[in-house]
Amino acid sequence: DVKVTQSSRYLVKRTGEKVFLECVQDMDHENMFWYRQDPGLGLRLIYFSYDVKMKEKGDIPEGYSVSREKKERFSLILESASTNQTSMYLCASSFGRSPLHFGNGTRLTVT
Amino acid sequence: AQSVTQPDIHITVSEGASLELRCNYSYGATPYLFWYVQSPGQGLQLLLKYFSGDTLVQGIKGFEAEFKRSQSSFNLRKPSVHWSDAAEYFCAVAPGANNLFFGTGTRLTVIP
């Protein structure tokens, strides 16, 4: 069974801090995704990656960057956290156009 | 604009009643279609998917969905809802490779 692991379930950070959200998958999936989930807005794609060192902007990349140095790991970086980045962040992985497998999410609060 | 629409933000049904959650999309070609469920504090779990072939697809937990090309719809159904089905449900559409768009979700409440 595919396992997507997000390193933190809850994070509290201060405005202006640099924040790293880590995601690891164990099924050698080529595609990895970062979404944020907000009430009434559903899931919005921040960035995705279809191969090591490759990245593509999603719908809302502003204020975020990503890193994919190894196939199994996809990191989301908030260069300078702001209060409007308080949200639930979901990582997912897939192979080709197969369904996405999601992690359990990281609830980030920026104060 | 391309979009995925779930018109019902919140639905309440009695346990044992039937359920239908609506989903419409506005992509040109027939995309890949999915329904996911999210329990509180959890990630999303795949309920079912449609790629091609039979337009009525069966999923886990007794759910099914029907693809209707003429209506650009992919509605989710269950004949008899259980209290454990209370969750948020997301329709998702993959118009091409490496991309997936989600609806805004429908929250299901089940009353005894």
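So, how was this worked out
- Residues numbered from 1 in each chain as written.
- Chains lettered and ligands numbered in written order.
- Predicted model: local features only at pLDDT ≥ 70, side-chain atom pairs only at ≥ 80, totals over all residues.
- Heavy atoms only, no water.
- Contact = heavy atoms within 4.5 Å.
- Buried area = accessible area lost by both parts, 1.4 Å probe.
- Salt bridge = Lys/Arg side-chain N within 4 Å of Asp/Glu carboxyl O.
- Polar contact = N/O pair within 3.5 Å; in protein donor to acceptor, adjacent residues only side chain to side chain.
- Helix = DSSP H or I, 4+ residues; strand = E, 2+ residues; numbered from the N terminus.
- Nonpolar A, V, L, I, M, F, W, Y, C, P; charged D, E, K, R; others polar.
- Phe/Tyr/Trp six-rings, centres within 6.5 Å; stacked < 30°, edge-to-face > 60°.
- Lys NZ or Arg CZ within 6 Å of the ring centre and 35° of its normal.
- pLDDT = per-residue confidence, 0-100.
- Buried < 20%, exposed > 50% of the residue type's maximum accessible area, 1.4 Å probe, protein only.

Chemist: Explain the interface of chain A and chain B here, please?
Modeler: Where interface size is quoted, it is often the accessible area lost as the parts come together. Taken together, the 20 residues of chain A in the interface contact 24 residues of chain B. Across the chain A to chain B interface the summed buried area is about 1700 Å²; carbon plus sulfur atoms make up 56%. Linking chain A to chain B there are 0 salt bridges. The tally of links between chain A and chain B comes to 5 residue pairs in polar contact (both at pLDDT 80 or more). Counting only elements with at least two residues in the side of chain A that touches chain B, the list comes to strand 5 (31-38) and strand 6 (42-49) of chain A. Among the residues making up the side of chain A that touches chain B, the classes are represented as 11 nonpolar, 6 polar and 3 charged.

Chemist: Just checking my understanding: could you explain the packing of aromatic side chains for this structure?
Modeler: What describes a pair of aromatic rings is the distance from one ring centre to the other and the angle between the planes of the rings. Taken as a whole and judged by the stated rule, the model has 15 aromatic pairs over all chains. In this structure, Lys49(B) is placed above the aromatic ring of Phe51(B), and the distance from its NZ or CZ to the ring centre is 5.9 Å.

Chemist: Would you mind going over the confidence of the model for chain B with me for this structure?
Modeler: When pLDDT is averaged along chain B, the result is 92; 96% of the residues meet or exceed 70. For chain B, the element scoring lowest by mean pLDDT is strand 11 (residues 101-102) of chain B, at 88; strand 3 (residues 19-21) of chain B scores highest, at 98.

Chemist: Help me understand the pattern of salt bridges, please; the structure alone is not making it clear to me.
Modeler: Pairs can form between side chains of opposite charge whenever their charged atoms are close. Residues and elements named next belong to chain A. Enumeration over the complete set of coordinates arrives at 10 salt bridges over all chains. For Lys71, the salt bridge is made with Asp28, and the minimal N-O distance between the two is 3.3 Å. Here the residue Lys71 occupies a position in the loop between strand 8 (64-70) and strand 9 (73-78), and Asp28 occupies one in the loop between strand 4 (23-25) and strand 5, the gap between them amounting to 43 residues. Residue classification places Asp28 among the exposed residues on the basis of a relative accessible area of 53%. As a salt-bridge pair, Asp38 and Arg36 come within 2.8 Å of each other at their nearest N and O atoms. In this pair, the class of Asp38 matches that of Arg36, namely buried. Where salt bridges share partners, they join Arg36, Asp38 and Arg44 into one cluster.

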